[in-house]
Structure formats: structure tokens, C-alpha cells
Amino acid sequence: MEQEANNLLCTDLPTTPRPGMGKVLVSGASGYIGGRLAPELLARGYRVRVMVRADSPEYKERWPGAEIHVVDALDKESLKKSLDGVYAAYYLIHSMLLGQKKFESADIQAARNFRDAAEENNVGRIIYLGGLGDVNTRLSPHLRSRMQVAGELRNGRTPVTVLRAAVIIGSGSASFEILKNLVKVLPVIPCPTWTRTHCQPISIRDVIKYLVGVLETPESAGKSYDIGGGEVLSYQKMMQILAGVLGKKRFFVPLPVSITRLYAYITSFFTPVPARITMCLMEGCKNEVICKNRDIHDVISFKPLPYKEAIARAITREEQDRIHTRWSDAYPPAHELAIKLRELPRPPRYTASYSLLTSKDSAPLFNSICRIGGKLGWFNSNLLWRLRGMVDRILLGVGTLRGRRSYTDLRINDVIDFWRVEDLKPNEMLLLRAEMILPGKAWLKFEINGPDNNDMRRLSVEAFFDTRELFGKIYWYIFLPFHRFIFYDLIHQIEKRS
Ligand SMILES: NC(=O)c1ccc[n+]([C@@H]2O[C@H](COP(=O)([O-])OP(=O)(O)OC[C@H]3O[C@@H](n4cnc5c(N)ncnc54)[C@H](OP(=O)(O)O)[C@@H]3O)[C@@H](O)[C@H]2O)c1
């Protein structure tokens, strides 16, 4: 409990909790920002309703006492019910993971539906966190979409508070993971022209404080505020400071060209963040993102963390394996990859199962299963997994570099390299769903059964593959001999290390 209290960010907020104001809705609660905001509101005594697109049993533990509504903002009717009886609604929905071509229209539609549903339900106010950027310049599609969403939300009767932020520094933030991995991996860092653009980064803890602070400041309703840390820095300077904090000697080579998309694509091979996201974010790096109005300091006054301290805190949390939310938590469930094994209309046609008998107990075996992937890798077959991941990255997929949120703890919806945890029953079963580019859908299920009469347990791994394409069938049979080798090795190593 004490540890939980220490993790809270708003303990030194100058504003006072006002739980009597009514119910507070957090949309995008499964995302990076929403996942950190919800516990702060609950800790301050608010009645909280969280809105997610796919339910997970783990959410009840994560947000005890919160009402959980499973709603897609693109579905107008169900959205109306979620805003019923709500006084204040946070709008933290973002579809960047859909990729550049699709996210703009999806984000606009979701914002329109949300605004209309809020109006119909007489919601008192909406609070939206968007992006910084000068509307009079040519903004990247990502930043432009952030502005359009603000415009759509404001286009109704419900007062909207808009907070505009640039790069957010915190453990698990996509922008921070990109910068950190570039600095960690490359001894010589090429610096295209956009790395000289200025930005005003802000720490995640300060963003959460502002989000909570405006809720507790009624006069902020209907206003727009720029929020940022104390320093304006170029991206190159941000990397230089980061290299200093990490104790790395790095050479920064200025380039006379911008090459944003190519740079973003190449970068995706060195960072856990896939190309679809690095491209969206780096396009935005050509735009200056600094605070133009300082009005926020008149309503919520505290000193934001300096950049150096923000990165030191983020790195410490990562080192202590205490990342709360991560950019990879959000994944569009509307995407066909998110179909669950049990939701298939018929069982997958292609399956392969491998097992062994062991005298070990379920608990150590299960702990060992739960440590696969990420830094520890996939044991002896690491090279094959990495090669598969590399092919996936080349094809703009997620690859194996996403790693894991935590090296010890695993929860439903967590990412393990190019897998996602679909189901988990402690000491019994772990089901992973593939998110790599495949000519079909794939799952991997680890199970522990027994003990039998001889006190032995069966540790098994089963691969499922569902495809209708001819290429999918060929793919399955090409990889079947490798599966035999890889999966046998995997369960033997799991057993050995348990
Ligand atoms: N993170 C940053 O560094 C940063 C910096 C500046 C500003 N911001 C702003 O902060 C806001 C939140 O960003 P974030 O980083 O938390 O984003 P995120 O991690 O990508 O989360 C986005 C959330 O939106 C939800 N969502 C997407 N489409 C939806 C739909 N149709 N219906 C319902 N929910 C939907 C996702 O749910 P699923 O899990 O179901 O996909 C997820 O919970 C955004 O407006 C962003 O521009 C973020």
C-alpha cells in the first residue's frame, strides 16, 4: 500500500480534490496517459468510470472501485450510455496505431461522436489532451489531427478544456523509448535538419498533475492551455543530454537533409517502436512544438520537472522494472489481429503440440513461462526469433523489439515482443496472440497439467494457426519443421530454468 502511495503523482498538487462534483469518465483508459490518470483520480476520491474497447479481468485490480465500460467511440449508440450521468469526461482517445492513412478520419469521427454524446447527456465539461504546434504553419498529419480533434470537440455546447503538450518524457512513452534507444545503440548519431527543431518536453508526472489540476479548477472549463517543462531544447540537444545521463559518449553528425520517413523507418530497427508509429511521430518533429501561452501557471502553479530529472526518473523506473503503462498497451482491437482464439467461428485448422513430463511444481514452471521474451529472449532459438522479427520490421510490422513492459510481471494485454497476452491463468495457462505480419492468425498456448499418479506434470506448448489463404497453408508447412525444433527447445529451457 505504501508503495502504491509513493507511486502517486498528484500528492503535491496545489488544487484540492472535489469528489462531490460527480462522476468522472476517463476514455482511452487502456492507453499510456489514461492508464496513469485513472489511479490518480481514484486515489483522490473521485467516482471514476473508465472506458475501454476490450475488457480484461486485470482492469478490476488495476482500477479498484472504478466502473468499467466497454465501448468503441466509433459506435455512437453505446458511447451515449457511457456518458450518461457523467459530470466531467476526459478525452484521451487516439488511433495512431492504425497508421498514418487511417488514423485521421477515425480520430475525427470518434471526437464527433464523443462531443454529441456528451451534449445529449448534459456532461458538465470535457478535458482533452492534444498536441502542441502552431496552427499557422504546415503541421504534420499527426499534429494536424490533434488540432482537428480539439476543433471537433469544441464544436458543441459542452465546455472543453484543451491541454496541449509536446513530447512526453516518462517510462513507457513511445517518444522517450525512441530517443533512448537511438542514444543507447548508435555510437554515431546522424542528425538530419529536423533534429535542430525546437521542442518543449514535459514529464509524464507533470502532465498528469495538469490533467487532474484542471478538473479541480472550475474556471479552466472552456479554456486552452499549453503545457511544457521548463526548457526549450532541440531534439539533438535532448539526445545529447540523454547520452550524458546514460553515461554514453556519442558523436552527433549534422546532416543537411530532412529524410524524416527514411530516418523513421531505419530508426524502427533500433528501437522497440514500430515504423508505423516512428513515422507519425518523426513527421511531427519538423514542427516547432513550444508553449506559446503561459496561462496554465495562473491557474495551476507548480514547478515542472527539468528535462534531465524527467529522464533520470523515467530510466530509474525502467531499471526498477516499475513501468505502469506503456505505449504498446494500446492496440486497436477493431484490427483483425485482435480476434481472440475463443472468438473464432471454428477451431483453427492447423495446430501442433509439443510436451514433456516434469516432476517440478506448477508455480516455478509458470513463473519460468512468464519470463520468456524481452531481454531474456527465447533461449537457444533466439537467433531464429530475431530473424523472424527483423523480417516483420522490414514489412512495417511490430517485430520482436517491443520487448516487455516488465521482466517479472505479466498481465493480460501485455506485449511480449511480437506476441500479446490474450489469456492467463496463474500456474495453469498462458495464451499468446501473434501480432506479427502473417498470412493468417496465430496463437501460442503454454499449459501445465497434472500431477498424475506418479506426481509428474505435463508442460506443453501448442501452436494454432488459422488461415484461408493458399500462401498461409504453404507458410504453415514451411515453418512446421522449425516449430518442432524451436518449441521443443522452448519448453525444455522453461523447465530447466524453473
Ligand atoms: N503519449 C505522448 O507522448 C503524448 C504527447 C502529447 C500528447 N499526447 C496526447 O494524449 C492523448 C492520449 O495519448 P496516449 O499516448 O495515451 O495514446 P495511446 O496510448 O495510443 O492510447 C490511446 C487510447 O485511445 C483508445 N482508442 C483508440 N481508438 C478508440 C476508439 N475508437 N474507441 C475507444 N477508444 C479508442 C485506445 O484504446 P485501445 O487500447 O482499445 O486501442 C487507447 O486506450 C492523445 O490525444 C495524444 O495526442 C500524448
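Along each chain, residue indices are assigned from 1 in the same order as the chain's sequence is written. For this predicted model, a pLDDT threshold of at least 70 governs which residues receive local features, and a threshold of 80 or more governs which side-chain atom pairs are given and counted, while totals over whole chains, interfaces and linings are taken from all residues.

1. A look at the overall build of the protein
Link 1 in the chain: Each helix is a run of H or I in the DSSP string that is no shorter than four residues. Each strand is a run of E no shorter than two, and both are numbered from the N terminus. A count of helical and extended segments in the protein gives 16 helices and 19 strands.
Link 2 in the chain: A globule of 498 residues ought to have a C-alpha radius of gyration of about 23 Å, and the protein, at 23 Å, matches this closely.
Link 3 in the chain: By its C-alpha atoms, the protein is 70 × 55 × 50 Å across when sized along the principal axes.
Link 4 in the chain: Residue burial is a threshold on neighbouring C-beta atoms within 10 Å of the residue's own C-beta, all placed from the backbone, with 20 or more meaning buried, 12 or fewer meaning exposed, and counts in between meaning partly exposed. The buried share of the protein, taken over its 498 residues, is 45%.
Link 5 in the chain: Whether two residues are in contact is decided by their C-beta atoms, placed from the backbone, lying within 7 Å. Intrachain contacts of the protein at a sequence separation of at least 6 include 75% that bridge at least 24 residues. Only C-alpha atoms enter the radius of gyration; for comparison, a globular chain is expected to reach 2.2 Å times N to the power 0.38, where N is the number of residues.

2. Notes on helix H11 (residues 275–284)
Each full turn of the α-helix corresponds to 3.6 residues, which orients residues three or four apart in the same direction.
Link 1 in the chain: When you tally the buried positions in H11, you get 9 out of 10 residues, the bulk of the element.
Link 2 in the chain: Considered for burial, the residues of H11 that qualify are Ala275, Ile277, Thr278, Met279, Cys280, Leu281, Met282, Glu283 and Gly284.

3. Observations concerning the pairing of strand S19 (residues 457–466)
Link 1 in the chain: Here S19 lies mainly inside the structure; 7 of its 10 residues are buried.
Link 2 in the chain: Of the strand pairs in this sheet, strand S14 (residues 350–358) and S19 are connected by 9 bridges, and their pairing is antiparallel. Bridge pairing in S19 places Tyr350 opposite Phe465.
Link 3 in the chain: One requirement defines pairing of two strands: DSSP has to find at least two bridges between them. Both strand S18 (residues 441–449) and S19 contribute to a ladder of 9 bridges, which runs antiparallel. Counted as the bridge partner of Phe446 is Val461 from S19.

4. Let's talk about the sheet that holds strand S15 (residues 415–416)
Link 1 in the chain: Judged by pairing direction, the sheet is antiparallel, and its 6 strands sit side by side in the order S14-S19-S18-S17-S16-S15 without closing on themselves. Two strands in the sheet have a free side with no partner beyond their single neighbour: S14 and S15.
Link 2 in the chain: Those strands touched by helix H14 (residues 362–369) are S14, strand S17 (429–434), S18 and S19, and its axis lies near 160° from that of S18.
Link 3 in the chain: Helix-sheet contacts for helix H16 (residues 470–497) involve S14 and S19, and the interaxial angle to S14 is about 25°. Here the axes come from fitting lines to C-alpha atoms, over the contacting stretch only for helices, and the angles between their N-to-C directions go from 0 to 180 degrees.

5. Concerning the confidence of the model for the protein
Link 1 in the chain: Residue-level confidence of the predictor is what pLDDT reports, using numbers from 0 through 100. Predicted confidence across the protein gives a mean pLDDT of 90, with 96% of residues reaching 70 or more.
Link 2 in the chain: Predicted confidence for residues 1–5 stays below pLDDT 50, and this span has 0 contacts to residues more than four positions away or in other chains.

6. As for the site of the ligand
Link 1 in the chain: In this text, near has one meaning. A residue is near a molecule or strand if its C-beta atom, placed using the backbone, is within 6 Å of it. Neighbouring residues of the ligand: 31 residues in total, closest Gly28, Gly31, Ile33, Arg53 and Ala73.
Link 2 in the chain: Examining the composition of the shell around the ligand, we find that 3 residues originate from one element, strand S5 (residues 125–131), more than from any other.
Link 3 in the chain: When its residues are assigned to classes, the shell around the ligand shows 18 nonpolar, 10 polar and 3 charged. Note on residue categories: nonpolar means Ala, Val, Leu, Ile, Met, Phe, Trp, Tyr, Cys or Pro, charged means Asp, Glu, Lys or Arg, and polar means any other residue, Gly included.

7. Description of the sheet that holds strand S6 (residues 160–165)
Note: strands within a sheet are paired through backbone hydrogen bonds, in either parallel or antiparallel orientation.
Link 1 in the chain: Spatial ordering of the open sheet is given by S3-S2-S1-S4-S5-S6-S11, a layout of 7 strands whose pairing is parallel. In this open sheet, the two edge strands, each paired with only one partner strand, are strand S3 (67–70) and strand S11 (224–227). For this sheet, the mean inter-axis angle between neighbouring strands, taken without regard to orientation, is 20°.
Link 2 in the chain: Sheet topology note: the S6/S11 ladder contains 4 bridges and is parallel. Paired with Ala165 across the two strands is Ile227, which belongs to S11.
Link 3 in the chain: Contacting strand S1 (23–27), strand S2 (48–52) and strand S4 (86–91), helix H2 (residues 34–43) crosses the sheet at an angle of about 165° to S1.

8. Here's the deal with unusual backbone geometry
Link 1 in the chain: Residue Pro451 is reached from Gly450 by a cis peptide bond, and omega for that bond is 15°.
Link 2 in the chain: Along the chain, the position of Pro451 falls in the loop between S18 and S19.
Link 3 in the chain: Non-glycine residue Asp417 carries a positive phi angle of around 50°.
Link 4 in the chain: Locating Asp417 in the fold gives a position in the loop between S15 and strand S16 (419–425).

9. Examining the nonpolar core
Link 1 in the chain: When buried Ala, Val, Leu, Ile, Met, Phe, Trp, Tyr and Cys residues are joined through C-beta atoms within 7 Å, the set is termed a nonpolar core. Membership of the largest hydrophobic core comes to 99 residues, with the highest contact counts inside it found for Val26 and Leu211.
Link 2 in the chain: If one sorts the elements of this core by residue count, helix H8 (residues 204–215) sits on top with 8 residues.
Link 3 in the chain: Here Val26 is in contact with Gly34, Leu37, Ala38, Leu41, Val48, Val50, Met51, Tyr90 and Leu92, once residues within four sequence places are set aside.

10. Re the environment of Leu9
Link 1 in the chain: Mapped onto the secondary structure, Leu9 falls in the loop between helix H1 (2–7) and S1.
Link 2 in the chain: In sequence terms Leu9 and Glu40 are 31 residues apart; their C-alpha atoms lie 7.2 Å from each other.
Link 3 in the chain: Leaving out residues up to four positions away in the same chain, Leu9 has contacts with Glu40, Arg205, Ile208 and Lys209.

11. Here we look at the domain arrangement of the protein
Link 1 in the chain: In this entry, domain limits derive from an automatic or database-based domain assignment. For the protein, the domain assignment lists domain 1 (2–329) and domain 2 (336–497).
Link 2 in the chain: Here the C-alpha centre of domain 2 lies 32 Å away from the C-alpha centre of domain 1.
Link 3 in the chain: Domain 1 puts 17 residues into the contact, and the matching count from domain 2 is 17 residues.
Link 4 in the chain: By residue class, the composition of the side of domain 1 that touches domain 2 is 7 nonpolar, 5 polar and 5 charged.

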